[in-house]
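Structure at a glance
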Amino acid sequence: MQQLSDLDASFLYLETENSPMLIGGLYVFDCSQRETPMQFGEFYSFIESRLHIARFFRQRLVEVPLKLDHPYWVDDPEFDLSKHLSYITLNGPDKNTQLTELAANLFSKPLDRDKPLWSITYVDGIENCSGLPGKCFAMVVKIHHAAIDALSGDEVMSSLLDFSVKPKTVTRAREWKPTPLPNTFRLLGSAYSNALSTPLRLANLAKETAASTFYSVLLQRLRKLNLPPALFSAPRTAFNNPISDKRALHYVEIPLERIKEIRKEIDDTTINDIVMGVCAEALHHYLKDHKATPEAPLIAMTPISVRSKSLQTKTGNQLSAIILSLATDIKHPIARIKQIHENAVISKTYNQAISADRLTELIPSSIAALSARIYTEFQLAQRHKPLFNIPITNIPGPQMPLYMNGSKLIRQVGTAPLFDGIGVVLVVVSYDGKITISVTSCPTIMENPGNFGEYLLKAVDDIEAALHTPYSMEELKSKNNEPASLKSIGSGFIDDIIELFSNLFSKNETKSNTPPEDQTPKD
């Protein structure tokens, strides 16, 4: 029996009907090196033979009565693999589109918390469609964010994938004997012990209904942190509005060698700087063409895995985050990339200040559910500036082929959850000489992510074309880069929140749901 950490539990508390907290992806395999394609029956048996490698596969959550404490991971005595594997055959033309639409639809539906929090959908019928070989299949993997983060997904995928066509030898599984579920008295006893060890927890729980108290604690701690100015400077954009329960997914593939060649031409930059520059170039032109360009540069949140190899247990999230200006107010793409590099160097000094573990200390997770409900029910996504505009997750992968039981992995498309105020997410995966950039969006915010995919491809072309185009040093100076003291920035942010919540909980809180005029997204 293992209790969820504050951070892991927060992913449960933040989940709503419109925001399933799911990560995973779409994986396509080439079976041409096998004598026969991998059919679903063999796929099922293969997954079954690997279940014992990661205990996560057969563990479910159990809630503490009255929600007095965080849930626990326990063995599921009723585990049934058939409830986690499904089989779909695609028919008709344009199967690439069907495949991404299927994946988007699957990721719009939450997982059943009464079962282990994962599922895999086997997909066939995609042979000979555009860009795919004659013998192939796909799988869509869904994992709850509370169980594992995208950057440590190797725990699950490494259980299934090998570095050679010949599958690695796996120790024969012993007969699985699940540990009995804990009884109510044991769970209550553990909650009582935890309450004694952290006496403020029960006090915080008792104050869940007092949002002002919650935010007074939050703001007191904000004042003590040396937070980066970018955290308080994100402009309002069309991406930062409430979302629906629908999802759209699209991806583009870019040869890694093209990105490396660009990096060689721009001194003192990294592959990550170039990738962020490609995303920034695409976002700049997309918003410009939709007449929705904000005056200030877009702010990206980039999660970074800081998982320690010394941890006794692998499962869980150990994340840090960089809050990074994408310098989208700079027109020249090379000047912008140089500025992104400078911004990244500065941002890295704040990793500890805004690490995910620090954030869970900053916002007591025992009342994270309350803050999530407040955020959604009072439509704060429309009423207040976002802390960042778009998450961009960059996942470095092996630059050699991976295989599943002799089938070569030829494509992997990552996904990440959306939530109110964040309607578009970019996930970048590098693997076997390619970079795949996937766009997960809410259709009410970005109706056609395939259209944005064209902007990403054009961004690479434009950056290559601009490599030897001169630009002035003035273009390296963002017009919105004027220095401001952390104290003044923080005070303004604090005053905004205090005023906002005073209005929300005043007698006139229900009179209007219309955003203030100066915060209304541009058409």
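Residues numbered from 1 in each chain as written. Predicted model: local features only at pLDDT ≥ 70, side-chain atom pairs only at ≥ 80, totals over all residues. Heavy atoms only, no water.

Moving on to the sheet that holds strand β5 (residues 85–89). A sheet is described by the order of its strands in space; here six strands give the open sequence β5-β6-β7-β2-β13-β12, paired in mixed fashion. In the strand order of this sheet, the two ends are held by β5 and β12 (403–404), each with one partner. The sheet contact formed by β5 and strand β6 (residues 118–124) spans five bridges and is parallel. When the sheet's bridge partners are listed, Tyr87 is paired in β6 with Tyr122. Contacts between helix α2 (residues 40–50) and the sheet are confined to β5, β6, β7 (136–144) and β12, with β5 contributing the most and set at about 160° to the helix. (Pairing = 2+ DSSP bridges. Helix = DSSP H or I, 4+ residues; strand = E, 2+ residues; numbered from the N terminus. Contact = heavy atoms within 4.5 Å. Axes fitted to C-alpha atoms, helices over the stretch in contact; angles between N-to-C directions.)

On to the side chain of Asp420. Note that Asp420 resides in the loop between β13 (407–415) and β14 (424–431). The charged side chain of Asp420 is buried without a salt bridge, its nearest counter-charge being Arg247 at 8.0 Å. Reaching out from Asp420, the side chain makes a polar contact with the backbone nitrogen of Ile243 at a distance of 2.9 Å. (Buried < 20%, exposed > 50% of the residue type's maximum accessible area, 1.4 Å probe, protein only. Lys, Arg positive; Asp, Glu negative; His and termini not counted. Salt bridge = Lys/Arg side-chain N within 4 Å of Asp/Glu carboxyl O. Polar contact = N/O pair within 3.5 Å; in protein donor to acceptor, adjacent residues only side chain to side chain.)

Here we come to helix α8 (residues 256–265). Here α8 has its buried residues at Leu256, Ile259 and Ile262. Considered in projection along α8, the buried side chains sweep an arc of 120° and stay on one side of the axis. Buried-residue contacts for α8 involve β8 (248–255), α9 (271–289), β15 (434–441) and α14 (449–465). (Arc of directions from axis to C-beta.)

Let's shift gears to the state of the cysteines. On inspection of all chains with the given rule, the structure shows zero disulfides. As a non-bridged cysteine, Cys31 has Cys136 as the owner of its nearest cysteine sulfur, 7.0 Å distant. Its relative accessible area of 0% is what places Cys31 among the buried residues. (Disulfide = S-S within 2.5 Å.)

It is worth spelling out the sheet that holds strand β3 (residues 59–62) at this point. If you walk across this open sheet you meet the three strands as β1-β4-β3, and the pairing is antiparallel. Across the chains shown, the open sheet's two edge strands, defined by having one partner strand only, are β1 (2–3) and β3.

Looking now at the pairing of strand β4 (residues 72–75). Covered by surrounding structure in β4 are Tyr72 and Val74 together with Trp73 and Asp75, the residues of both alternating faces. Bridge count for β3 against β4 is four bridges, and the pairing is antiparallel. Across the sheet, Arg60 pairs through a bridge with Val74, a residue of β4.

A separate point is the packing of α9 against α14. Viewed as axis vectors pointing N to C, α9 and α14 meet at an angle of 120°, and their least axial separation amounts to 8 Å. With respect to each other, α9 and α14 are oriented oblique. Seen along the crossing, α9 lies across α14 with a hand that is right-handed. Of the residues in α14, those in contact with Gly277, Val278, Cys279, Glu281, Ala282, Leu283, His285, Tyr286 and Asp289 of α9 are Asn451, Phe452, Tyr455, Leu456, Ala459, Val460, Asp462 and Ile463. Split by residue class, the contact of α9 with α14 holds 11 nonpolar, three polar and three charged. (Parallel < 35°, antiparallel > 145°, perpendicular 65-115°, else oblique. Left-handed = near helix turned anticlockwise from the far one by under 90°. Nonpolar A, V, L, I, M, F, W, Y, C, P; charged D, E, K, R; others polar.)

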